[in-house]
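Fold and contact review
Now for the letters of each chain:
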Amino acid sequence: MCELRRMKSPVRTIDTLRPTEVARTVQVSVSHASELLSGRKSPSLAVAVKIERAFGIPPSAWLEPRTERAA
């Protein structure tokens, strides 16, 4: 999981965001925003798109890198 606070944003300083601000901006509950900020949860695609619009972080940033098994 990715922590929203550790992501880079060309628009905002993410590491200083409060859960209440994230919740209001991307229209989720404060508890869900807190989980996104800490990395306990990843956003749905719809929320990831809202995060991109608000903070400039693309939905692809939330994808975990795939580890390929050797054939």
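A quick note: this is a predicted structure, and the numbers were derived from the prediction, not measured.

**Comments concerning the overall build of the protein chain**
Within the protein chain, the secondary structure is distributed over three helices and zero strands. Scanning the protein chain from its N terminus toward the C terminus, one meets helices and strands in the order α-α-α. Sequence-distant contacts, at least 24 apart, represent 51% of the contacts inside the protein chain between residues at least 6 apart.

**Observations regarding helix α3 (residues 45-55)**
Residues of α3 that are buried: Val47, Ala48, Ile51, Ala54 and Phe55. Taken end-on, α3 shows its buried residues confined to a sector of 125°, consistent with a single buried face. The exposed set on the far side of α3, more than 90 degrees from its buried face, consists of Leu45 and Arg53. Elements that come into contact with the buried residues of α3 comprise α1 (19-26) and α2 (30-38). Once α3 finishes, Gly56 follows within two positions and takes phi at roughly 80°, a positive value.

Calculation rules
Residue positions are given per chain, counted from 1 along the sequence in the order it is written. Only residues with pLDDT of 70 or above have their local features reported here, since the model is predicted, and side-chain atom pairs are shown and tallied only from 80 upward, although totals for entire chains, interfaces and linings are computed over all residues. Each side-chain value is worked out from all heavy atoms of the structure, with water and hydrogens disregarded. Helix and strand definitions here come from DSSP, where helices need a minimum of 4 consecutive H or I residues and strands a minimum of 2 consecutive E residues; each element is numbered from the N-terminal end. Whether two residues touch is decided by their heavy atoms; if any such pair falls within 4.5 Å, the residues are in contact. Residue burial is assigned from relative accessible area. The probe radius is 1.4 Å, only protein chains are included, and a residue is buried under 20% of its type maximum, exposed over 50%, and partly exposed in between. The arc in question is formed by the directions pointing from the helix axis toward the C-beta atoms.

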